[in-house]
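Structural overview for review
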Amino acid sequence: MLEYDSEEAFPIESDHFDHGDVWLIPLKMLDDDARAIHLGAVAELAVEAGQREFVGDPMRMMLISLEEESRFPYVIESGGVAVGVLTLQSGAATLAGWPDDESVWLLRGFLIDSKSQGRGLGTLAARAASEEAHKLTTRLGGGQAGVVLSVNERNPAGLAAYTKAGFVDVGRYLGGNAGPQRTMYKAFV
């Protein structure tokens, strides 16, 4: 069973650029009341109409992730406000076009609220997700070497954010529902 070490209940990525701090709030580590507050904030997140085909409903993604043992859902906060969500999943990397499921974490369900886009928060959160995945690997002993994701080729903002966060394009993936994807990978340092 995958479990967190309770001594590190709130892993944080703090980058002090012009964009401020980005915090990853692990929903599985919160008590019921705190989780309900954060899920209420998730319910308020929105994406632009043109982005809907690239991302799913944030609340649905978080609720599904809370139920599956292999998924670790996070609310992305900046300045004390929920600005997005993401999920790290073990054993599912082939969903992003990776050749196997076990060697890397899958970053999925990643979105930044439409009101918070264009401020570099996606880049900071992607970097934080990679660092959090590395901590999970160390804590859980999974042996993963990095993080993989897929991003739609028609999503230039996503491609740019992941590239700035240190992800490398490793090829085309045709398995996405919304058209061709780019598989991107970031190794743990």
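Preceding this paragraph is the structure being described.
Presented here is a report on the structure given in the accompanying data block. (Residues numbered from 1 in each chain as written. Predicted model: local features only at pLDDT ≥ 70, side-chain atom pairs only at ≥ 80, totals over all residues. Heavy atoms only, no water.)

Let us look at the pattern of salt bridges. The final tally for this structure, using the stated rule, is six salt bridges. One salt bridge in this structure joins Arg 182 and Asp 169, with 2.8 Å as the shortest N-O distance. Here Arg 182 is found in strand S8 (residues 181-187), whereas its partner Asp 169 is found in strand S7 (residues 168-173), with 13 residues between them in sequence. For Asp 169, a relative accessible area of 38% translates into the label partly exposed. The structure contains a network of salt bridges with shared partners spanning Glu 153, Asp 169, Arg 172 and Arg 182. (Salt bridge = Lys/Arg side-chain N within 4 Å of Asp/Glu carboxyl O. Helix = DSSP H or I, 4+ residues; strand = E, 2+ residues; numbered from the N terminus. Buried < 20%, exposed > 50% of the residue type's maximum accessible area, 1.4 Å probe, protein only.)

What follows concerns helix H2 (residues 58-67). Helical geometry: 3.6 residues make up each α-helical turn, so side chains three or four residues apart lie on a common side. Among the residues making up H2, those that are buried are Pro 58, Met 61, Met 62 and Ser 65. Looking straight down H2, one finds its buried side chains confined to an arc of 95 degrees; they lie on one side. Exposed residues on H2 whose side chains face more than 90 degrees from its buried face are Arg 60 and Glu 67. Looking at the buried side of H2, the elements it contacts are helix H1 (32-43), strand S3 (71-78), strand S4 (81-89) and strand S5 (105-112). (Arc of directions from axis to C-beta. Contact = heavy atoms within 4.5 Å.)

Here we come to the pairing of S5. When a strand is regular, its side chains alternate between the sheet's two faces. Burial runs high along S5: six of the eight residues are buried. As defined by bridge partners, S4 adjoins S5 across five bridges and the pair is classed as antiparallel. Bridge pairing links Thr 87 to Arg 108 in S5. Where the polypeptide runs from S5 across helix H3 (residues 121-140) and back to strand S6 (residues 146-152), its parallel neighbour, the crossover connection is right-handed. (Pairing = 2+ DSSP bridges. Right-handed = clockwise from strand over helix to strand, strands pointing away.)

Spatially, the C-alpha atom of Arg 182 lies 9.8 Å from that of Arg 154, the residues being 28 residues apart in sequence. Discounting residues that sit within four places of it in the chain, Arg 182 has contacts with Leu 149, Ser 150, Val 151, Glu 153, Leu 159, Asp 169, Gly 171 and Arg 172. A distance of 2.8 Å separates a polar atom in the side chain of Arg 182 from a polar atom in the side chain of Asp 169. (Polar contact = N/O pair within 3.5 Å; in protein donor to acceptor, adjacent residues only side chain to side chain.)

Before going further, it helps to examine the packing of aromatic side chains. Under the criterion given, the structure shown has four aromatic pairs. Between Trp 98 and Tyr 185, the aromatic rings sit 4.8 Å apart at their centres with planes inclined by 25 degrees, giving stacked as the arrangement. Note that Trp 98 is positioned in the loop between S4 and S5 and Tyr 185 in strand S8, a separation of 87 residues in sequence. Side by side, Trp 98 and Tyr 185 carry an identical accessibility label, which is buried. Ring centres of Tyr 162 and Phe 167 lie 6.0 Å apart, and the angle between their planes is 70 degrees; this geometry places the pair in the edge-to-face category. As far as burial versus exposure is concerned, Tyr 162 and Phe 167 are alike and both buried. (Phe/Tyr/Trp six-rings, centres within 6.5 Å; stacked < 30°, edge-to-face > 60°.)

So, about the environment of Leu 111. Looking at where Leu 111 falls in the secondary structure, it is placed in strand S5. Judged by relative accessible area, which is 3%, Leu 111 ranks as buried. For the pair Leu 111 and Leu 86, spaced 25 residues apart in sequence, the C-alpha to C-alpha distance is 6.6 Å.

Counting 28 residues, the largest nonpolar core has Ile 76, Leu 86, Leu 88, Leu 107, Phe 110 and Phe 167 as its most contacted members. Those elements giving two or more residues to this core turn out to be strand S2 (20-26), S3, S4, S5, H3 and S6. With eight residues, H3 is the single largest residue contributor to this core. Residues in contact with Leu 88, not counting those within four places in the same chain, are Ser 70, Arg 71, Phe 72, Tyr 74, Trp 105, Leu 106, Leu 107, Ala 129, Glu 132, Ala 133 and Leu 136. (Core = buried A, V, L, I, M, F, W, Y, C linked by side-chain atoms within 4.5 Å.)

Moving on: the pairing of S4. Where burial is concerned, most of S4 is hidden: eight out of the nine residues are buried. Pairing of S3 with S4 involves eight bridges; the strand directions are antiparallel. Paired with Val 75 across the two strands is Val 85, which belongs to S4. Where S3 folds back onto S4 in an antiparallel hairpin, the turn is made up of two residues, including Gly 79, whose phi is positive at roughly 60 degrees.

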